[in-house]
Structures are given as C-alpha cells and as structure tokens.
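# Examination of the molecular architecture
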Amino acid sequence: MDFLRPATWAEALAAKADRPEVVPIQGGTDMMVELNFDVRRPPGLLDLNRITELAGWSSEPDGRLRVGAGVSYARLIAELGDRLPGLAQASRTVGSPQIRNRGTVGGNLGAASPAGDSHPPLLATGAVVEVESAGRGVRMIPAADFYLGVKRSALEPDELIRAFWMSPASGPQYFSKVGTRNAMVIAVCSFAIALHPGERRVGTGIGSAAPTPRRAVAAEEFLAAELDWESRLDPEVLRRFGELASEAASPIDDVRGTAGYRRHAIAVMARRTLTWAWNEFRSGHFERRAG
Amino acid sequence: MRVTFTVNGRRETADDVWEGESLLYVLRERVGLPGSKNACEQGECGSCTVYLDGVTVCACLVAAGQAEGREIRTVEGLADGDRLDAVQEAFVECGAVQCGFCTPGLVVQAHDLIERIPRPSDAEIREALAGNLCRCTGYEKILDAVRLAAARKAGDR
Ligand SMILES: Cc1cc2nc3c(=O)[nH]c(=O)nc-3n(C[C@H](O)[C@H](O)[C@H](O)COP(=O)(O)OP(=O)(O)OC[C@H]3O[C@@H](n4cnc5c(N)ncnc54)[C@H](O)[C@@H]3O)c2cc1C
Ligand code: FES
Ligand code: FES
C-alpha cells in the first residue's frame, strides 16, 4: 500500500489522474474504520490534509459561500453556523466532539451514504458540489444530481471534491433526525427544510429513507402553490405537506428501523420542521437575526 | 514508511509503519506510549482521545501518515513531572476511576473542555463527553470530577 501526501491541489489532482485507484482520506472517520476492520484494503491512500485550499472557505462575488471539502464540522459550526444554520444544525448531530473535529462535509459527500447528515441540508438549500480532475477541469454538480445510488455518487475515478457552494440562508432552516439516543447515532431517518421567502419557495431534503438522499419534490411544489406567506400555517396544508414528504421516501426495513416507521417519522419531521421554520419566519425573528 | 512527529514536546520517529496503520497503533506499539487505550478502533468509545495540533481526536481514526510533522499530546503529557493535572487529580479524588480503561480518553477530553470553557455547565460537560464511553462508573463520579477540576482551575486563575 502507498501513502501519497500531495502538498498542493494541483499535485493531488495529478496523483488521482495518474492513479485513479488510490483512495482519498481527509478526516478518516469513515476511511479508517474500514481500514481498521479490514473491510477495504486500497492500493494506496491519498492524504488531503496538507492541502490548505480544502481547509478554507470564502464569500464569492455572487454572494454564495464556497466551503472547502476539508473544513471540519466543528469549524463549520463555529465559523459558518450563522449563515448556514440548517447545515450547522445537522453538523451538531454528527458523532461526538472528536468526530466533529475531524469529519468533513467533503468526506460525507465522498462516502455518499444515504444516512449522511449533511446531505438533506445540502439538498434543501440547493447546494452545488464543485469537483475537479486534472484532465477535464471543474464540474459543478447540483447536490440533487450528485447522489446516484447507495454509496454511489457522480464523482468520476479521476476526480476529487474541491468544495461545496451554498447561499447564506435567506430564511429559516431546520434539520431533524431520528435516532435511538441523542449523541453518536446514525440517522434512522432525517429531514431538512429551508425557507426561501424571497422566492416564495421551500426546499426539502430526506435522509436515510431511500437508496440516496433525495428531495421531496411533490411536497415542495405543493407548498409553492398552496402556502399563504402572509398568514398562519393552515393545518390542512401542514398535514398534506407531511403526507407528500412521506410519499417521496422509499425506505427499506433494516437493523435501524422498519420502512413503515420511517415513512411515519418522515411525515412527523416534515410537519415539525415546517412548523419551526414558519414560526420563526412569522415572528420576524429571522429577519432581525440576519439583519 | 517512516513517520516523524512531536509527541508531548518530544520529537519521535517511527520506522516500518504500515501505510494503513492508525496513529493510535503507532503511539502504543512503536513509541511506547500505552496511555491512550484501544477499545473499539471505530471512533465509538473515545478511549484513544489525544490532542492533534491542539484539537481532540480519536487516534484510532487518524492515519499514521497524517500525523507527519504534527504535534500530538497524549494523556502522558498532561502531568507536570510528578504533579498531576487538576483533571487527573480530581478523577482520583472523586472515585471517577474503576477499571480505568476509559480514563485516559476522558481525562484528555475533559482537559480540553476546561481549557475552552473554564466554567462548563452540566449540559456542556455531558455534550463534551458524549463520545467517551464508560462501562463501570455510571458517569456520575466522572461529572463530579470534571466539576471539581473546573472549579479548582478557575480558582487558580
Ligand atoms: C463514531 C462515528 C460516528 C459517526 N456519526 C456520524 C453521524 O452522526 N452522521 C454522519 O453523517 N456521519 C457520521 N459518521 C461518519 C463520518 O464521520 C462522516 O461521513 C464524515 O463526514 C466523513 O468525513 P471524513 O473527512 O472523516 O471522511 P474520510 O473518512 O476521510 O473519507 C470518507 C470518504 O470520502 C472520500 N473522500 C474524502 N475526501 C474526498 C475528496 N476531497 N474528494 C473525493 N473523495 C473524498 C474518501 O475516499 C472516503 O471514501 C460517523 C463516524 C464515526 C466513526
Ligand atoms: S479506540 Fe478509538 S474511539 Fe474507541
Ligand atoms: S472505569 Fe471502567 S470503563 Fe470507565
């Protein structure tokens, strides 16, 4: 086995193009478990820790944030929690402090597990994943097109994840996760919501209730048509939203829960997160906080 | 491969390190620092917690090669000679140690908490220690120890 330690992004891309079979490692919180338990024995590891670009984030001219694939959950919460509240809320539920000190959104995307906690907020906010290869340059992949199957993504063998792009929240955002206890749990299922009041639109993301993380598209379209942004939340609209969110899932029975339970829980979380977000929006609290 | 890093202020070099090896293995088996414990090797128990460039991590999930050139502080590096750190002292006094297997990880994680938040609330203590499992004590005496250590350190200041 080889251990490659590129010092720059260009070197990393060259190494991955040269040897597509080597496996990137960032926080190692997924990768090292597989190595320790001999689940995987790749021909080489490509350590990305030394690449400073990956560990930083910036505000771009178009107003969006470009967050390096190697920014840890702990830093994301501390440095971007105010601007990316939904993703920060999800990040707070990842593992333990030690895991959040090392684990990254880039690694979560690389692993592409349907249970990864960053995925629902990435979907709900319309985030875009920036990937790059030495041969073909940069590709910008909307989160909704990134996840292809269980632990399969649109990333090509010669590509690396450089960053994700996300707009600072323009409205309330929430994340909800069902697990057997408060800390250190993989989601039984999860749900993220993002209100975009300017566009009179609501974004959604479902986790761990289908082969891939996915949006609840029909539920989003329903809200776009039916939500009255000037008034209280109609209980019938809320009920129907939960129902449509639940119908968007296609869960399975597994060790963590049954398909029936997941369907039920998605409806509950959809109603709850919309209620939280709506109350925050109507109270004017979000505008005050953002202003 | 060869890996060189600083641990508890001393420069150490480990040879013949397997590329897929963890920092925990290197510390325990190659550098002779068995304080950090190996219980789960999957980030679940926290008994291998060490500082890596000032941030607490599970050493079992850091690839040895990722530690190259970096600074590690283990439980062995907390005491000042024969003088125990306040966290270690409080663990002994409060009876927060039974079999002791979880202790090194808890001590490092609690040490970090008090460095960052000198007067942590109970909720903050529980949150900080959520990734450290203890099968013996039932945690109450561990919480007592962290409260005592924090109070003493705050009093020192
Ligand atoms: C105890 C424990 C608890 C956990 N709890 C949670 C949880 O609650 N929620 C959750 O979502 N996850 C959880 N995880 C899983 C893990 O922490 C996350 O998936 C994390 O985001 C992985 O990030 P990393 O940087 O550590 O990834 P790594 O392990 O370094 O890499 C993960 C995968 O991504 C690939 N990769 C990494 N970086 C890149 C890149 N730049 N380009 C292309 N591919 C790349 C790697 O090759 C690998 O396949 C937990 C893990 C542990 C050990
Ligand atoms: S041995 Fe590292 S967390 Fe359990
Ligand atoms: S004292 Fe035995 S595991 Fe904690």
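Quick note: structure is the one above.
Reading the values: rules and limits
- Residues numbered from 1 in each chain as written.
- Chains lettered and ligands numbered in written order.
- Predicted model: local features only at pLDDT ≥ 70, side-chain atom pairs only at ≥ 80, totals over all residues.
- Heavy atoms only, no water.
- Near = heavy atom within 4 Å.
- Polar contact = N/O pair within 3.5 Å; in protein donor to acceptor, adjacent residues only side chain to side chain.
- Areas by Shrake-Rupley, 256 points an atom, 1.4 Å probe, with all protein chains shown as cover.
- Helix = DSSP H or I, 4+ residues; strand = E, 2+ residues; numbered from the N terminus.
- Nonpolar A, V, L, I, M, F, W, Y, C, P; charged D, E, K, R; others polar.
- Salt bridge = Lys/Arg side-chain N within 4 Å of Asp/Glu carboxyl O.
- Buried < 20%, exposed > 50% of the residue type's maximum accessible area, 1.4 Å probe, protein only.
- Pairing = 2+ DSSP bridges.
- Axes fitted to C-alpha atoms, helices over the stretch in contact; angles between N-to-C directions.
- Contact = heavy atoms within 4.5 Å.
- Phe/Tyr/Trp six-rings, centres within 6.5 Å; stacked < 30°, edge-to-face > 60°.
- Lys NZ or Arg CZ within 6 Å of the ring centre and 35° of its normal.

## Digging into the site of ligand 1
- Every one of the 34 residues lining ligand 1 counts as a neighbour, but A:Pro24, A:Thr29, A:Asp30, A:Tyr73 and A:Asp117 are closest to it.
- Mapping the residues adjacent to ligand 1 onto the chains of the assembly identifies chains A and B.
- Between ligand 1 and the protein, one listed contact pairs a nitrogen atom with a side-chain N or O atom of A:Asp117 at 2.6 Å.
- Contact with the protein chains hides 93% of the accessible area of ligand 1, taken as 990 Å² for the molecule alone.
- Of all the secondary structure elements, the ones that give two or more residues to the shell around ligand 1 are strand 2 (23-25), helix 6 (105-111) and strand 10 (160-166) of chain A.
- Classifying every residue of the shell around ligand 1 gives 15 nonpolar, 14 polar and five charged.

## A word on the pattern of salt bridges
Residues and elements named next belong to chain A.
- As enumerated under the stated definition, the model contains 32 salt bridges over all chains in all.
- A salt bridge links Arg64 to Asp62; its shortest N-O distance comes to 2.9 Å.
- What makes Arg64 partly exposed here is its relative accessible area of 24%.
- Put simply, Arg136, Arg139, Asp158 and Glu159 are held in one network by salt bridges that share partners.

## Here we look at the sheet that holds strand 11 (residues 173-178) of chain A
All names here are of chain A.
- As summarised here, the arrangement of the three strands in space is 11-12-13, forming an open sheet in which the pairing is antiparallel. Where the open sheet ends on each side, the last strands, each with one partner, are strand 11 and strand 13 (201-207). When the angles between neighbouring strand axes are averaged without regard to direction, this sheet yields 10 degrees.

## Here's the deal with the environment of A:Ala169
Residue and element names in this part refer to chain A.
- The residue Ala169 is located in the loop between strand 10 and strand 11 in this model.
- A residue is classified by how much of its surface remains accessible, and Ala169, at 17% relative accessible area, is buried.
- In this structure, the C-alpha to C-alpha distance between Ala169 and Ser118, residues 51 residues apart in sequence, is 15 Å.
- The contact partners of Ala169, leaving out residues within four places of it in the chain, are Arg83, Pro85 and Phe286.

## Quick look at the packing of aromatic side chains
Residue and element names in this part refer to chain A.
- For the structure on display, the rule yields six aromatic pairs over all chains.
- Ring plane angle 85 degrees and centroid distance 5.4 Å describe the contact between Trp229 and Phe281, whose orientation is recorded as edge-to-face. Taken as a pair, Trp229 in the loop between helix 9 (217-226) and helix 10 (235-248) and Phe281 in helix 11 (residues 259-282) lie far apart in primary sequence, 52 residues in all.
- By relative accessible area, which is 13% here, Phe281 ends up buried.
- Each ring, one from Trp278 and one from Phe281, has its centre 5.5 Å from the other, and the planes form 55 degrees; the classification is tilted. Of the two residues, Trp278 and Phe281 are both situated in helix 11; the distance of three residues between them amounts to about one turn of the helix.
- Through pairs of rings, three or more aromatic residues link up here, namely Trp229, Trp278 and Phe281.
- One residue, Arg162, lies across the ring of Trp9, its end atom 6.0 Å from the ring centre.

## A few points about the sheet that holds strand 6 (residues 128-133) of chain A
All names here are of chain A.
- Taken in spatial order, the five strands make up an open sheet running 4-5-10-6-7, and their pairing is antiparallel. In this open sheet, the two strands that pair with only one neighbour each are strand 4 (57-59) and strand 7 (137-142). Each strand of the sheet is rotated relative to its neighbour by a mean of 20 degrees, with strand direction disregarded.
- Sheet analysis places strand 6 next to strand 7, joined by six bridges and oriented antiparallel. Opposite Glu130, over in strand 7, you have Met140 as the bridge partner.
- Helix-sheet contacts for helix 1 (residues 9-18) involve strand 6 and strand 10, and the interaxial angle to strand 10 is about 125 degrees.

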